Amino acid sequence: MGLLSKKDSKLILDPLADNNPITIQVLGICSALAITAQLKASIVMAISVIFVLGIGNVVISLMRNVIPSKIRIIVQLVVVAALVIIVDQILKAYAYTLSKELSVFIGLIITNCIIMGRFEAFALGNGPWRSFLDGIGNALGYGVILIIVGFFRELLGSGTLLGFKVLGDPIEKTGLYAIGYENNGFMLLSPMALIVVGIIIWVQRSKNKALIEEH
Amino acid sequence: MEHIELFFKSIFVDNMVFATFLGMCSYLAVSKKVSTAVGLGAAVIFVLTVTVPLNWLLDQYILREGALVWLGPEFADYDLSFLSFILFIATIATMVQLVEIVVEKFSPSLYNSLGIFLPLIAVNCAILGGSLFMQSRDIETLGLALNYGFSSGIGWFLAILAIAAIREKIRYSNVPAPLRGLGITFIITGLMAIGFMSFGGMLTGGEDTPKTDETKTAVQKEENTNTTIEAIDEVVEVSTITE
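Now for a description of the structure that goes with this document. None of these values were measured; they are calculated from a predicted model.

1. Some points on the interface of chain B and chain A
- Of the residues lining the interface, 41 residues belong to chain B; the matching set on chain A comes to 42 residues.
- For the pair chain B and chain A, the summed buried area comes to about 3800 Å², and 83% of that belongs to carbon and sulfur atoms.
- Our count for the contact surface shared by chain B and chain A stands at zero salt bridges.
- On the surface where chain B and chain A come into contact, there are zero residue pairs in polar contact (both at pLDDT 80 or more).
- Among the elements of the structure, helix H2 (24-29), helix H4 (84-106), helix H7 (125-136) and helix H9 (182-197) of chain B are those that each provide at least two residues to the side of chain B that touches chain A.
- Top contributing element to the side of chain B that touches chain A by residue count: H9(B), with ten residues.
- The class makeup of the residues in the side of chain B that touches chain A is 28 nonpolar, eleven polar and two charged.

As structure tokens, then:
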């Protein structure tokens, strides 16, 4: 990355793997699990969080010297809520069916712990540009997990990706279905999201022994 | 009957943790010991019971389409529902602060056990989620909203209590090293969620699948908006007649 210094690019790359907000920091699980039955919803959710966290981090970082520390949580909540309202209204205007599917989970970006966590841990102590990069990096790390989970759940659960029938047609028995493959409807149910994330954590930690917890 | 049904439905069928994954962050972070889990669970029950009815009132008299009609007939077509996120979260944040002050003043012993958890709760998705589901599921009366808040709080409490107990025990078992800690907790929660799915048929006799439920609520919503519009029309008519 020629554009960014080494320190700055670390801000973006670190949360993608070794300091991932979901699998390592355990932040922002709620929305990650509830909407990942389809790849499309996961992608939209990831983009929304990138938008909210990127802009929100800049706003908080610009205001960091004027916010009295006693009421900072309320100030942060108001900033996030305003940004989330923008996302929600845009979705309602341009992708109504999708916004119905995501239902309350767009609203729950407000209480997504990643956002409050990054505000508290980073934006309150750093300049706007670095906060912006940090926000984008963490939101990307969150989005990557969301998209991986969404990919597997949609592929194994309904045999489609983004709505395209990649494994053939289950009714006309083409493609994989011709040799007796069946969709695993269980993948679409909510408990499987937890188990898929658990397996991702397993794979990641067995690759990188340093991340293993004592107990 | 309505109350009993909602009560059990919110605890078991629509359990906040296992069915909708609300409040997962604190659920995973604070479930290492049973005693702290009980403290946080109690605080969640308390705050949900207070904020859901409050937000119900806000929703009913300020936010939804036509809600401002009590100010006068000319306000009948105001729709402020886009403001609900910001008003709900502001209510929750202030209520949490208020509850903290009141509890500290009147019951120091309760404050000592709940105290450290209260600020955490303002950003717990279970609390905001409770209010948002209350809005999207069209809870009809204040009493039902109170019931809904209380019983979903109990559901959350049960979930965190159960996982904390399991995590205390699992320390003595030989879990594969990369799964230790977070990984195994995820998988156990998944298995518990599968277990809780068996409650799904408890109230409906196994007829309702989640999908039909959704369409039903959507239809209900449409009907409700229709009825509110009719109600507004009636109100307007009545006011013109009295004039």
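After that view of the structure, there is still more to cover.
2. Details of the pattern of salt bridges
- Summed over the entire model, instances satisfying the criterion amount to four salt bridges over all chains.
- For Asp88(A), the salt bridge identified is with Lys92(A), shortest N-O distance 3.3 Å. Here the residue Asp88(A) and the residue Lys92(A) both occupy positions in helix H4 (residues 72-94), the gap between them amounting to four residues, near one helical turn.
- Exposure remark for Asp88(A): the relative accessible area of 9% places this residue in the buried category.
- Take Lys92(A): its relative accessible area is 39%, and that puts it in the partly exposed class.
- Connected via shared salt-bridge partners are Lys9(B), Asp14(B) and Arg137(B).

The rules behind each value
- Residues numbered from 1 in each chain as written.
- Chains lettered and ligands numbered in written order.
- Predicted model: local features only at pLDDT ≥ 70, side-chain atom pairs only at ≥ 80, totals over all residues.
- Heavy atoms only, no water.
- Contact = heavy atoms within 4.5 Å.
- Buried area = accessible area lost by both parts, 1.4 Å probe.
- Salt bridge = Lys/Arg side-chain N within 4 Å of Asp/Glu carboxyl O.
- Polar contact = N/O pair within 3.5 Å; in protein donor to acceptor, adjacent residues only side chain to side chain.
- Helix = DSSP H or I, 4+ residues; strand = E, 2+ residues; numbered from the N terminus.
- Nonpolar A, V, L, I, M, F, W, Y, C, P; charged D, E, K, R; others polar.
- Buried < 20%, exposed > 50% of the residue type's maximum accessible area, 1.4 Å probe, protein only.

By themselves, these observations are geometric and do not establish any function.
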